[in-house]
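Here is what each chain is made of, one letter per residue.
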Amino acid sequence: MAKNAIVGQSGGPTSVINASLAGVYESCCHRGAGKVYGMLHGVAGLLERRVCVLNDSLKSALDIELLKRTPSSYLGSCRYKLPDWHTPEGEAVYRQLFEILQELDIGYFFYIGGNDSMDTIGKLADYGAHVGSDIRFMGVPKTIDNDLMVTDHTPGYGSAAKYIGVVMKEIIRDATVYGVNYVTIVEIMGRNAGWLTAAAALAKAEDCEGVDMICLPEIPFNVDHFVEKVYQMQKKKPSIVIAVSEGVKLEDGRYVCELSDDVHAVDAFGHKTLTGTARFLANTVARRLDTKTRCLELSTLQRCAGHLASRTDITEAYQVGGAAAKAAFEGHTGEMVALDRISNSPYQCGTSLHPISEVANLEKKVPLEWINETHTGMTEDFLAYVVPLVQAELTPIYVEGLPRHIYLPEA
């Protein structure tokens, strides 16, 4: 009798993460899996035996199409850090997980997520090898942050970049209507890598002058120099629009947002919640330069704007899900599917497999040579990299003027 498969989603959602779920699900079904289970809220939910049978909810081709076009995590997500299994307390957690997997007759385990999710796959694969389990553990990449190693880019990034490029163009148009001194600072996600903020460079085109400054975590930030740049720019034009990563840091390593009075919580992986960077900088500029300012935080809109998803992104998200299932059924375990760019023009991309050890707990930063000499913008090399990822659209299925989604009430 065929073994069953199980799939979970972890970490921050994206507008295309469900396309990867669809790829895993359909590929498992086509390859003869008995049932395909879904973890409700990732490994944390699995530990509580919270699972569903995807075969019961994804019954038609329309369900799959809706799934591909529905943003956020269909199965729910979590930010749960698996302990070290070498400790007695940690091994008890793994024994519990593997007992549940045995009860469900699981032969194939898939986890869709970013850096921390790949850490989970690595630990499970190592423990499985330690106890002689025949379960195959595969990682499916996902993150709008685009900071996973070995892959050219990550599913989720192209759509978030497209959203940022579109919104920045619209903000620029709005910021110029009054003809008075005005500084607009837009805060974009990105803890230690500036890939998302760099996408603000997409706004510049024949019909748009583009943003005036882009500030990335890869470049140490100096508040005084920032204010001086704004002052010099405003001598030439009254309205200034700036894109800044939430994770820009001072030379001493502190996040700029820590200069504000906001409280910053810490998640299970030790990551500080970053917010308030744009607000702090807007207040500082207003106070020092006596100019009107406003701050905007794109926040979760960057990752859930399914109506602006890139068709390229959706296609590749589905592709890596299917590739992970194919690899697991062929005997691979403890690996992640990566996207390999073949060419920019025409844009072509394939997949490959890499050991989780080459991915987990590592971060890919924006190459410094892709940042211009004044540290205010991006080079043509970056644009050549990002433009293919935002191409085309897969229009939502609209009902009475609004996009139709599919969801699990229990998730």
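Keep in mind the model is a prediction, meaning the values are calculated, not measured.

### As for the overall build of the protein chain
Here is step 1 of the chain: The secondary structure content of the protein chain amounts to 13 helices and 13 strands.
Here is step 2 of the chain: For a compact globule of 411 residues, the expected C-alpha radius of gyration is about 22 Å, and the protein chain comes in at 22 Å, within 12% of that figure.
Here is step 3 of the chain: Per-residue burial over the protein chain gives 56% buried out of 411 residues.
Here is step 4 of the chain: Just so you have it, the protein chain exposes about 17,300 Å², and 50% of that area is on carbon and sulfur atoms.
Here is step 5 of the chain: The distance from the centre of the 38 positive side-chain charges to the centre of the 51 negative ones in the protein chain is 3 Å.

### So, unusual backbone geometry
Here is step 1 of the chain: Backbone torsion omega between S345 and P346 reads 0 degrees, so that peptide bond is classified as cis.
Here is step 2 of the chain: For V150, which is not a glycine, the phi torsion comes out positive at approximately 70 degrees.
Here is step 3 of the chain: A positive phi angle is found at E400, which is not glycine, with a value near 55 degrees.
Here is step 4 of the chain: Its place among the elements puts E400 in the loop between β12 (398-399) and β13 (402-403).

### With respect to the pattern of salt bridges
It is possible for side chains bearing opposite charge to pair when their charged atoms get close.
Here is step 1 of the chain: By the definition in use, this model includes 16 salt bridges.
Here is step 2 of the chain: Ionic pairing is found between E65 and K68, a salt bridge with its closest N-O pair at 3.4 Å. With E65 and K68 both in helix α4 (residues 61-68) and three residues apart, the pair spans about one turn of that helix.
Here is step 3 of the chain: Look at E65 and you get partly exposed, because its relative accessible area is 26%.
Here is step 4 of the chain: Between K326 and E330 there is a salt bridge, with the nearest N and O atoms lying 2.9 Å from each other.

### Remarks on the packing of helix α1 (residues 17-30) against helix α12 (residues 311-329)
Here is step 1 of the chain: At a closest axis distance of 7 Å, the pairing of α1 and α12 adopts a crossing angle of 35 degrees. For the element pair α1 and α12, the recorded crossing hand is right-handed. Between α1, through A19, S20, A22, G23, V24, E26, S27 and C28, and α12, the contact on the second element is made entirely by I314, A317, Y318, V320, G321, G322, A325, K326 and F329.
Here is step 2 of the chain: A per-class count over the contact of α1 with α12 returns 10 nonpolar, five polar and two charged.

### Let's talk about the environment of P388
Here is step 1 of the chain: Among the structural elements, P388 can be located in the loop between α13 (380-386) and β12.
Here is step 2 of the chain: With a relative accessible area of 10%, P388 lands in the buried category.
Here is step 3 of the chain: With 355 residues separating them in the primary sequence, P388 and A33 have C-alpha atoms 35 Å apart.
Here is step 4 of the chain: Excluding residues that lie within four positions of it along the chain, P388 makes contacts with T312, R341, N344, Y347 and L383.

### Some points on the nonpolar core
Here is step 1 of the chain: Of all hydrophobic cores here, the largest spans 43 residues; its most connected members are Y157, I164, M168, M378 and F382.
Here is step 2 of the chain: Where this core is concerned, the elements lending two or more residues are α7 (157-175), β6 (182-188), α8 (195-198), β8 (239-245) and α13.
Here is step 3 of the chain: Considering every element that reaches this core, the biggest residue donor is α7, with 10 residues.
Here is step 4 of the chain: The residues contacting Y157, other than those within four sequence positions of it, are T143, I144, N146, W195, L196, A199, D313, F382, Y385, V386 and L389.

### Comments concerning the sheet that holds strand β9 (residues 292-297)
Here is step 1 of the chain: Here we have four strands laid out as an open sheet, ordered β7-β8-β6-β9, and parallel in their pairing. With partners counted over all chains shown, the strands left at the sheet margins are β7 (213-215) and β9, one partner each. On average, adjacent strands in this sheet sit at an angle of 15 degrees to one another, irrespective of strand direction.
Here is step 2 of the chain: Looking at chain direction, β6 and β8 are connected through seven bridges and run parallel. Residue pairing in the sheet places V183 in a bridge with I240 of β8.
Here is step 3 of the chain: Sheet strands touched by helix α10 (residues 277-289): β6, β8 and β9. Its angle to β9, the strand with the most contacts, is close to 175 degrees.

### A few points about the packing of aromatic side chains
Here is step 1 of the chain: Summed over the entire model, instances satisfying the criterion amount to 14 aromatic pairs.
Here is step 2 of the chain: Residues Y108 and F329 carry aromatic rings whose centres are separated by 3.9 Å and whose planes lie at 15 degrees to one another, so their mutual orientation is stacked. Pair noted here: Y108 is in strand β4 (residues 106-113) and F329 is in helix α12, with a separation of 221 residues, a long-range link.
Here is step 3 of the chain: Judged by its relative accessible area of 16%, Y108 is buried.
Here is step 4 of the chain: Taking the centre distance of 5.1 Å and the plane angle of 50 degrees together, the rings of F109 and F137 count as tilted.

Conventions and cut-offs
- Residues numbered from 1 in each chain as written.
- Predicted model: local features only at pLDDT ≥ 70, side-chain atom pairs only at ≥ 80, totals over all residues.
- Heavy atoms only, no water.
- Helix = DSSP H or I, 4+ residues; strand = E, 2+ residues; numbered from the N terminus.
- Rg over C-alpha atoms; globule rule 2.2 N^0.38 Å.
- Buried < 20%, exposed > 50% of the residue type's maximum accessible area, 1.4 Å probe, protein only.
- Areas by Shrake-Rupley, 256 points an atom, 1.4 Å probe, with all protein chains shown as cover.
- Lys, Arg positive; Asp, Glu negative; His and termini not counted.
- Charge placed at Lys NZ, Arg CZ, Asp CG, Glu CD.
- Salt bridge = Lys/Arg side-chain N within 4 Å of Asp/Glu carboxyl O.
- Axes fitted to C-alpha atoms, helices over the stretch in contact; angles between N-to-C directions.
- Left-handed = near helix turned anticlockwise from the far one by under 90°.
- Contact = heavy atoms within 4.5 Å.
- Nonpolar A, V, L, I, M, F, W, Y, C, P; charged D, E, K, R; others polar.
- Core = buried A, V, L, I, M, F, W, Y, C linked by side-chain atoms within 4.5 Å.
- Pairing = 2+ DSSP bridges.
- Phe/Tyr/Trp six-rings, centres within 6.5 Å; stacked < 30°, edge-to-face > 60°.

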